[in-house]
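# Architecture and fold: a report
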Amino acid sequence: AADGTLLKAGDGLFRSTDRGQSWQALPLPADLHPEAIREVATTAAAPSNLYAAGPGAGVLRSDDSGQSWRTVSAGLPSQDVAAFAVHSFRPDTLYAWIKGQGVFRTEDGGERWQKMDDGPPPEVVALAHSTLEGSMNTGWLYAATPEGP
């Protein structure tokens, strides 16, 4: 996070405020499937907004630094989100990859999702959004596969 806080995911969500020396669990209700969470992200554009995702958990969002959570992936064809990313400067724009379905985007914080494309075959293990030069002010969405980017 922008304030130096570290976040990690794996059988739940955890936060460190001392550079990883100690970790505290972030509360996630059991009905949101904390055991399925594999990724967590935030953006400098809205540092109190946290997002988490994983196969079977869909995409979750917290607007209060992880104190409360809600599902924002109801419009996706499946809750089996294998990879996701937050837009680097538009905090309500998220990207999700679902195996066999493709890459989806929401620009309103998860209210409506639209399919972007089928994505690279055969599978995506991570997504990242960047504003490198040449992106025409919208940024680039990168996908990592088991074979590389």
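This structure is a prediction, so every number in the text was calculated from the model and none was measured.

What counts and what doesn't
Residues numbered from 1 in each chain as written. Predicted model: local features only at pLDDT ≥ 70, side-chain atom pairs only at ≥ 80, totals over all residues. Heavy atoms only, no water. Salt bridge = Lys/Arg side-chain N within 4 Å of Asp/Glu carboxyl O. Buried < 20%, exposed > 50% of the residue type's maximum accessible area, 1.4 Å probe, protein only. Helix = DSSP H or I, 4+ residues; strand = E, 2+ residues; numbered from the N terminus. Contact = heavy atoms within 4.5 Å. Pairing = 2+ DSSP bridges. Phe/Tyr/Trp six-rings, centres within 6.5 Å; stacked < 30°, edge-to-face > 60°. Lys NZ or Arg CZ within 6 Å of the ring centre and 35° of its normal. Axes fitted to C-alpha atoms, helices over the stretch in contact; angles between N-to-C directions.

All right, on to the pattern of salt bridges then. Under the criterion given, the structure shown has five salt bridges. Of the charged contacts, one joins Asp63 and Arg61 as a salt bridge, the two residues approaching to 2.6 Å between their closest N and O atoms. Note on Asp63: relative accessible area 35%, which makes it partly exposed. Among the residues examined, Arg61 registers a relative accessible area of 7% and is labelled buried. Measuring nitrogen to oxygen at the nearest pair gives 2.8 Å for the salt bridge that ties Arg70 to Asp63. What emerges from the salt-bridge pattern is a single network uniting Arg61, Asp63, Arg70 and Asp92.

Moving on to the side chain of Arg15. Tracing the chain through its elements places Arg15 in strand β2 (residues 13–16). For Arg15, the residues in contact, after removing those within four places along its chain, are Thr5, Leu6, Leu7, Ser22, Trp23, Gln24, Leu26, Leu50, Ser65, Gly66 and Gln67.

For the rest of this paragraph, the subject is the pairing of strand β6 (residues 58–62). Of all five residues making up β6, five are buried, and the element is well covered by its neighbours. Linkage of strand β5 (residues 50–54) to β6, two consecutive antiparallel strands, is achieved through a turn of three residues, within which Gly56 is found at a positive phi near 95°. Sheet topology note: the β6/strand β7 (residues 70–71) ladder contains two bridges and is antiparallel. The residue of β7 that forms the bridge with Arg61 is Arg70.

The relative placement of two aromatic rings is captured by the distance of their centres and the angle of their planes. Throughout the structure, instances matching the rule amount to zero aromatic pairs. Lying over the aromatic face of Phe14, Lys8 brings its terminal NZ or CZ to 5.8 Å of the ring centre. The ring of Trp23 carries the charged tip of Lys8 above its face, separated from the ring centre by 4.5 Å.

Another aspect to go through is the sheet that holds strand β3 (residues 24–26). Read across the open sheet, the three strands follow the order β1-β2-β3; overall the sheet is antiparallel. A single partner strand is all that each edge strand has here, and the edge strands are β1 (6–9) and β3. For this sheet the average axis-to-axis angle between neighbouring strands, irrespective of direction, equals 35°. Note: β2 against β3, three bridges, orientation antiparallel. Opposite Phe14, over in β3, you have Ala25 as the bridge partner.

Overall, antiparallel pairing links the four strands, which are arranged β4-β5-β6-β7 in an open sheet. Pairing within the sheet leaves two strands with one partner each, and these edge strands are β4 (39–41) and β7. Where β5 and β6 come together, five bridges link them in antiparallel fashion. Across the sheet, the residue bridging to Ala52 is Leu60, located in β6.

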